[in-house]
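Take a look at the letters that make up each chain.
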2 protein chains.
Amino acid sequence: MAVNLAAPDRMSLLPVAGVDLGFAYAGIRKFKRNDVMLMRLAPGARVAGVFTQNAFAAAPVQVCRQHLAESEWIRALVVNAGNANCGTGEAGLFAARRTCEAVARGLGCQVAEVLPFSTGVILEDLPVERIEAALPDCISTLAPAHWAEAAEAIMTTDTVSKAISCSLELGGVSVTVTGMAKGVGMLQPNMATMLAFICTDAGVSRPILQRMVREVADESFNRVTVDGDTSTNDSFVLIATGAAAAPEIVAATDVGYAALKRAVSHVAIALAQSIARDGEGATKFITIKVESATSAEEAVRVAKSIAHSPLVKTAFFASDPNLGRLIMAIGNAGVAGLDTSHVDLYLGDVKVIDRGGRAAGYREEDGARVMKPAEIGLRVDLGRGDGSATVWTCDFSYDYVKINAEYRT
Amino acid sequence: MAVNLAAPDRMSLLPVAGVDLGFAYAGIRKFKRNDVMLMRLAPGARVAGVFTQNAFAAAPVQVCRQHLAESEWIRALVVNAGNANCGTGEAGLFAARRTCEAVARGLGCQVAEVLPFSTGVILEDLPVERIEAALPDCISTLAPAHWAEAAEAIMTTDTVSKAISCSLELGGVSVTVTGMAKGVGMLQPNMATMLAFICTDAGVSRPILQRMVREVADESFNRVTVDGDTSTNDSFVLIATGAAAAPEIVAATDVGYAALKRAVSHVAIALAQSIARDGEGATKFITIKVESATSAEEAVRVAKSIAHSPLVKTAFFASDPNLGRLIMAIGNAGVAGLDTSHVDLYLGDVKVIDRGGRAAGYREEDGARVMKPAEIGLRVDLGRGDGSATVWTCDFSYDYVKINAEYRT
């Protein structure tokens with residue numbers, strides 16, 4: 001059960017000029033549900049992406065990197081759920097390229113203008129012929145309005161689909177940003193991967209788009225964690241079709257850069273949070289803010305040390321204001337020269353740690369009260385600088401063990 | 001239930017000349033069980049230690065470091081279970097020093113010749129007057145034969161006590177090494193800490209003893225992990241009384257250094273393994289060996305990436321040969337330039353990954369067979385150098401969540 005997360009309201013998802021979405025059932029997933037998604041981009045669309053740092057990067061990730069390096073333009077993205085095409089060696093690379101070839105034939109573009117994505121079981125061969133067989137259906141369903149169907153077609157064990165839109169004005173022109181994502185653990189019960197695709201009809205030059213995708217990733221998807229594991233297939237792709245008549249953004253100093261980045265971040269953060277809300281076995285959604293660090297990077301390190309600690313996560317599950325585990329996790333973050341006598345900690349609005357020790361007025365029942373709701377806020381003040389950061393995570397429940405231990409037994 | 005671990009056979013625990021052990025019930029633990037342990041050392045004993053890297057180092061750890069720096073000789077160690085004296089600020093330091101004062105008065109030594117250790121709940125004041133009241137009992141029970149009772153008195157939520165002995169010849173003289181430890185998670189349900197004390201009647205100069213304690217820690221306690229969390233009170237102390245007539249070891253090149261280190265490592269590794277076997281909720285004991293890394297440090301990093309992954313640990317619990325999670329964890333270790341096409345992986349004697357992909361002859365039932373027993377061996381060959389290392393861990397079960405979520409609810 002996702003924490004305060006419903007499938008997106010279909011009417012709220014705004015089409016993006018220059019982006020058509022199609023879908024089909026290829027029979028790769030165990031259960032009969034659409035499992036192939038095709039995104040067609042109008043000529044002139046710019047595409048930039050960030051990909052997993054895992055050394056076992058899956059075949060489609062390797063092909064994406066290569067096609068983005070070789071090709072000035074990208075005309076299509078193809079995504080399959082049910083098989084990650086990872087740990088599959090040369091045959092896997094061949095299968096990913098063959099998928100791109102089929103899409104290029106169907107849409108009349110170059111092979112290197114197609115980006116492939118896969119999510120699902122690892123170490124099993126991709127049944128590429130099933131994707132080929134499903135492509136005509138994907139092409140026949142291509143339409144700008146199919147965001148909800150597309151977001152559903154990329155799900156694996158997600159309990160709800162994840163998509164959101166917003167719009168803004170750039171140089172007097174209305175511009176749309178719509179994104180979708182999937183993922184519920186960094187690595188699922190044998191089902192890998194977070195995938196996110198955000199499209200806008202604003203115009204952005206490619207180097208500036210690449211800069212924006214990195215900056216946005218750092219403050220959204222890189223700040224969400226379910227179990228600390230990083231999948232072999234993680235991908236976040238940002239697409240700017242330029243189909244709206246807004247002035248093209250060609251420098252980070254352009255007036256439109258900050259405005260567009262704010263809108264893209266808004267979509268990315270909402271999608272990232274939805275991944276933690278739909279985390280495996282999650283019963284709580286937890287926002288961890290670290291302030292007064294020497295840098296944002298240091299703040300992230302402390303926040304993730306808290307977010308990754310199994311002892312902290314099980315305490316959140318139990319609604320237990322277990323202060324000892326929290327200070328242990330802060331002390332464990334590897335912050336050089338941390339003076340613990342400057343550290344304050346708040347659970348919700350309750351100050352629980354004051355200058356490294358239990359706050360004088362703190363009563364256990366106040367801590368228990370703020371730990372009870374499904375949404376919990378945590379704030380750490382390190383008392384040593386101006387850096388701050390926020391990380392989102394979920395708790396660690398019996399169901400996490402159940403989902404991950406019993407998946408194949 | 002510990003995995004293949006029984007309490008030590010009392011008759012197998014060899015007294016160490018120059019070491020007397022006493023114990024008492026001070027009423028700090030919730031349940032009536034001895035909770036204070038006193039170790040008296042004969043004049044001339046050398047002591048060296050390594051302590052937690054957690055920034056919230058507890059008051060007794062701070063006092064230990066100070067007394068070891070100030071004092072040439074150490075005459076006593078005092079340990080209480082039930083309260084960690086951590087996050088307790090100036091009052092905590094005062095309490096730790098007051099404990100040392102009471103011991104110094106009782107034994108007739110200097111305050112700085114006493115090392116204090118605490119393990120138990122965090123962020124609560126140490127009831128030092130209860131320790132003072134229990135000290136006469138500790139002193140009256142002092143005897144060389146009390147290793148088993150001492151190992152029991154330092155337990156918190158350990159399900160069995162942990163102690164082991166061995167002996168060796170140094171320069172024709174028989175020398176004894178006996179150690180004890182406690183700890184079942186790096187941080188317990190609110191009960192902190194791994195503590196380990198190893199004593200020998202060999203003679204070792206202090207700088208050489210300090211070198212040995214670091215080297216031994218690196219290949220024993222630093223290679224065991226239950227949940228990846230590091231307690232605020234972790235301490236490992238090595239004591240050489242010199243009471244046996246063996247020639248004193250004053251250089252790492254001395255013939256006796258390697259022999260004694262081997263014996264101390266043997267004891268330390270057995271104690272370290274017993275911590276993983278008694279890990280919270282453990283149903284499996286897992287040995288992870290990484291070979292052909294560029295360095296031992298790199299091998300440890302890969303082994304710990306596997307050992308810390310909640311997805312891998314839940315798969316072990318389920319006896320599930322989940323190869324995808326294993327390669328994910330290897331790829332996630334942050335090894336620069338890892339060529340995954342050189343990576344082999346064995347579960348027990350079964351080769352499951354061959355050059356980065358599923359081994360040709362691998363059948364799922366063979367993987368399932370080796371994952372079934374309570375003891376599982378994993379071997380990774382990175383195919384890039386001569387470094388190797390072994391790490392021990394346990395699985396992640398429903399009971400881990402139960403123990404950690406329900407401790408206070």
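Remember, predicted model here, so these are calculated numbers, not experimental data. (Residues numbered from 1 in each chain as written. Chains lettered and ligands numbered in written order. Predicted model: local features only at pLDDT ≥ 70, side-chain atom pairs only at ≥ 80, totals over all residues.)

Novice: I'd like a rundown of the overall build of chain A, residues and numbers included.
Specialist: Helix and strand counts for chain A come out as 11 helices and 16 strands. Here the C-alpha atoms of chain A give a radius of gyration of 22 Å, agreeing with the 22 Å that 2.2 N^0.38 yields for 409 residues. Principal-axis analysis of the C-alpha atoms gives chain A an extent of 70 × 55 × 40 Å. The burial tally for chain A puts 61% of its 409 residues in the buried class. Within chain A, residue pairs in contact and separated by at least 24 positions form 81% of the contacts whose partners lie at least 6 positions apart. (Helix = DSSP H or I, 4+ residues; strand = E, 2+ residues; numbered from the N terminus. Rg over C-alpha atoms; globule rule 2.2 N^0.38 Å. Buried ≥ 20, exposed ≤ 12 C-beta atoms within 10 Å, placed from the backbone. Contact = placed C-beta atoms within 7 Å.)

Novice: Outline the interface of chain A and chain B, listing residues and values.
Specialist: Between chain A and chain B, the contact holds 47 residues from the first and 47 residues from the second. Every element with two or more residues in the side of chain A that touches chain B is listed here: α8 (310–317), α9 (323–331), β14 (357–358) and α11 (398–405) of chain A. With seven residues, α9(A) is the largest single contributor of residues to the side of chain A that touches chain B. Partitioned by chemical class, the residues of the side of chain A that touches chain B number 20 nonpolar, 20 polar and seven charged. (Nonpolar A, V, L, I, M, F, W, Y, C, P; charged D, E, K, R; others polar.)

Novice: An account of the domain arrangement of chain A is requested, with residue identities and associated values reported.
Specialist: Residue and element names in this part refer to chain A. As assigned here, chain A comprises domain 1 (10–277) and domain 2 (285–405). The straight-line distance from the C-alpha centre of domain 1 to that of domain 2 is 33 Å. Elements with a minimum of two residues in the side of domain 1 that touches domain 2: β9 (224–225) and α6 (255–277). Examining the composition of the side of domain 1 that touches domain 2, we find that four residues originate from one element, α6, more than from any other. Residue composition of the side of domain 1 that touches domain 2, grouped by class: five nonpolar, three polar and two charged. (Domains from an automatic or database assignment.)

Novice: If you had to explain the packing of helix α7 (residues 296–308) of chain B against helix α9 (residues 323–331) of chain B to someone new, which residues and values would you point to?
Specialist: All names here are of chain B. Between α7 and α9, whose axes approach to 8 Å, the crossing angle comes to 135°. With respect to α9, the element α7 is oriented oblique. In this structure, α7 meets α9 at a crossing whose hand is right-handed. Of α9, the residues touching α7 (which contributes Val302, Ser305 and Ile306) are Leu326, Ala329 and Ile330. Class assignment of the residues belonging to the contact of α7 with α9 gives a composition of five nonpolar, one polar and no charged. (Axes fitted to C-alpha atoms, helices over the stretch in contact; angles between N-to-C directions. Parallel < 35°, antiparallel > 145°, perpendicular 65-115°, else oblique. Left-handed = near helix turned anticlockwise from the far one by under 90°.)

Novice: Which residues make up α9(B), and what values do they have?
Specialist: Across the nine residues that make up α9(B), a large majority, nine, are buried. Of the positions making up α9(B), those classed as buried are B:Leu323, B:Gly324, B:Arg325, B:Leu326, B:Ile327, B:Met328, B:Ala329, B:Ile330 and B:Gly331.

Novice: Before we move on, can you summarise the relation of the copies chain A and chain B with the specific residues and values?
Specialist: Applying a rotation about an axis and a shift along it to one chain copy brings it onto the other copy. Least-squares fitting of chain A to chain B yields an RMSD of 0.0 Å, with the transformation described by 0.0 Å of translation along the axis and a rotation of 180°. This pairing of chains is accounted for by a two-fold axis. The position closest to the rotation axis in chain A is occupied by the C-alpha of A:Tyr398, lying 3.0 Å away. (Least-squares fit on C-alpha atoms with pLDDT ≥ 70 in both.)

Novice: Pulling in residues and values, what's your account of the sheet that holds strand β7 (residues 173–182) of chain A?
Specialist: Residue and element names in this part refer to chain A. Taken together, five strands build an open sheet; the order of strands is β3-β10-β8-β7-β6 and the sheet is mixed. In this open sheet, the two strands that pair with only one neighbour each are β3 (46–51) and β6 (162–170). Within the sheet, the average angular offset between the axes of one strand and its neighbour, ignoring direction, is 15°. In terms of strand pairing, strand β8 (residues 195–200) meets strand β10 (residues 235–240) through six bridges, oriented parallel. Directly across from Cys199, in β10, lies its bridge partner Ile239. Lying on the sheet, helix α1 (residues 59–70) is in contact with β3 and β10; it crosses β3 at an angle near 140°. Contacts from helix α5 (residues 206–219) reach β3 and β10, with the element oriented near 35° to β3. (Pairing = 2+ DSSP bridges.)

Novice: How would you sum up the sheet that holds strand β14 (residues 357–358) of chain B? Please name residues and give values.
Specialist: Hydrogen bonding along the main chain pairs the strands of a sheet, whether they run parallel or antiparallel. All names here are of chain B. A sheet is described by the order of its strands in space; here seven strands give the open sequence β9-β16-β11-β15-β12-β13-β14, paired in mixed fashion. If you trace the sheet from one side to the other, it starts and ends with β9 (224–225) and β14, each paired once. In this sheet, strand β16 (residues 387–394) lies alongside strand β11 (residues 285–293) in antiparallel orientation, the contact comprising seven bridges. Looking at β16, one finds that Lys289 is bridged to Thr390. Along the sheet, α7 makes contact with β9, β11, β15 (375–381) and β16, crossing β16 at roughly 25°.

Novice: Kindly report on the pairing of strand β13 (residues 350–354) of chain B, identifying the contributing residues and their values.
Specialist: Residue and element names in this part refer to chain B. Bridging between strand β12 (residues 344–347) and β13 involves three bridges; their strand directions are antiparallel. Of the residues in β13, the one forming a bridge with Leu347 is Val350. Here β12 folds back onto β13 in antiparallel fashion, the turn holding two residues, of which Gly348 has a positive phi close to 55°. Judged from the two bridges that link them, β13 and β14 form a sheet pairing that is antiparallel. Across the sheet, residue Ile353 finds its bridge partner in β14, namely Arg358.

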